[in-house]
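Overview (structure and organization)
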Amino acid sequence: MKFENLFKDKKPLIGMIHTGCMQGEDMLDTAKREVETYLKHGLYPLVENYFGSAADCEKVLAWLQERHPSAVYGVNILGDPYEAFLLAGAYGAKFIQIDSVCGHLEPEKDEEYAEELKAMRKKTDVVLLGGVRFKYQPVRSNRSQTEDLLLGMERCDAIVCTGEGTGIPTPFAKVKEFKAVLDKFPVVVGAGVTIDTAKETFDVADGAIVGSWVKDNHEANNPVNEQYVELIARLFHG
């Protein structure tokens, strides 16, 4: 399955569901409400264990599969791509995000990782969004950014580009560097998308992931605010 064949939008806007992020209510109830908000405004939910656990993600994915079986939704299990593939296969997720598919491992470990990733992809047919030079990830490959990007193309279906951290804008210069190497291969902006950057993000990238900015007070550990979702979706999609 290819990136451009999965998403109905030419440039998809993906919305983070941070499991474990709740304000005095049940985790699953919070996630349900946020999923419904994203789907209402044309975003694709991405279920992640940023504040929660893989078990939390499984509960949300099980509900999604039952409640919205035809929807396009994804999963990211931070630090455990193997679990992400297992959950995607079990609960109908159509895409997976992995924070790094290339560059974060020493050369002697990288080849083994590539083979394991290849095996997982053969077993579970999903679109893989893979980070290169991703936030909080080390660079240990002893390769240039260009070399890692070219290898990354072989390991995933779209490259995710970020700045230095969660909620921190992704430099457009970096996105353009990625596109200069990758050409028509999809590049998704994975952090720091705001109302002020949505239009330029749409112009230079092939998609975006939103999280912090669509939360109350634009803080990642708060619930999703529907007014923010509606506003940024309108700007991003024109």
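Residues numbered from 1 in each chain as written. Predicted model: local features only at pLDDT ≥ 70, side-chain atom pairs only at ≥ 80, totals over all residues. Heavy atoms only, no water.

As a further point, take the overall build of the chain. Scanning the chain for helices and strands turns up nine helices and eight strands. Considered along the principal axes of its C-alpha atoms, the chain spans approximately 45 × 35 × 30 Å. Taking all 238 residues of the chain together, the buried fraction comes to 55%. In the chain, 69% of the contacts between residues at least 6 apart in sequence involve partners at least 24 apart. Accessible surface, the chain: about 10700 Å² in total, of which carbon and sulfur atoms supply 48%. Both charge centroids of the chain, one from 27 positive and one from 37 negative side chains, sit 5 Å from each other. (Helix = DSSP H or I, 4+ residues; strand = E, 2+ residues; numbered from the N terminus. Buried < 20%, exposed > 50% of the residue type's maximum accessible area, 1.4 Å probe, protein only. Contact = heavy atoms within 4.5 Å. Areas by Shrake-Rupley, 256 points an atom, 1.4 Å probe, with all protein chains shown as cover. Lys, Arg positive; Asp, Glu negative; His and termini not counted. Charge placed at Lys NZ, Arg CZ, Asp CG, Glu CD.)

If a strand is regular, its side chains alternate between the two faces of the sheet. Within strand β1 (residues 13-18), six of the six residues are buried, which leaves the element mostly enclosed by the surrounding structure. Burial along β1 is two-sided: the residues L13, G15 and I17 and I14, M16 and H18 are all buried. Across five bridges, β1 lies against strand β2 (residues 44-48) in parallel orientation. Bridge assignment links I14 to a residue of β2, and that residue is Y44. (Pairing = 2+ DSSP bridges.)

Overall, the coordinates contain six aromatic pairs when judged by the stated rule. When the centroid spacing of 4.8 Å and the interplanar angle of 75° are considered together, the rings of F7 and Y44 count as edge-to-face. Here F7, found in the loop between α1 (3-6) and β1, pairs with Y44, found in strand β2; they are 37 residues apart in sequence, far enough to count as distant. By relative accessible area, which is 6% here, Y44 ends up buried. Ring-pair connections join several aromatic residues into one group, and the members of that group are F3, F7, Y44 and F95. The lysine or arginine in question, K11, covers the ring of F202, its NZ or CZ lying 4.9 Å from the ring centre. (Phe/Tyr/Trp six-rings, centres within 6.5 Å; stacked < 30°, edge-to-face > 60°. Lys NZ or Arg CZ within 6 Å of the ring centre and 35° of its normal.)

Our focus in this paragraph is helix α7 (residues 172-182). Residues F172, K174, V175, F178, K179 and L182 constitute the buried set of α7. Considered in projection along α7, the buried side chains sweep an arc of 155° and stay on one side of the axis. Pointing more than 90 degrees away from the buried face of α7 are the exposed residues A173 and A180. Here the buried face of α7 lies against β5 (127-132), α6 (145-155), β6 (158-161), β7 (187-189) and α8 (198-204). Looking one or two residues past α7, D183 carries a phi angle of roughly 60°, positive in sign. (Arc of directions from axis to C-beta.)

A word on the environment of H104. The residue H104 is located in the loop between β4 (95-102) and α5 (107-123) in this model. Beyond its immediate chain neighbours, meaning those up to four positions away, H104 contacts Y113, Q137, P138 and R140. In terms of polar contacts, H104 uses its side chain to reach the side chain of S100, at 2.8 Å. (Polar contact = N/O pair within 3.5 Å; in protein donor to acceptor, adjacent residues only side chain to side chain.)

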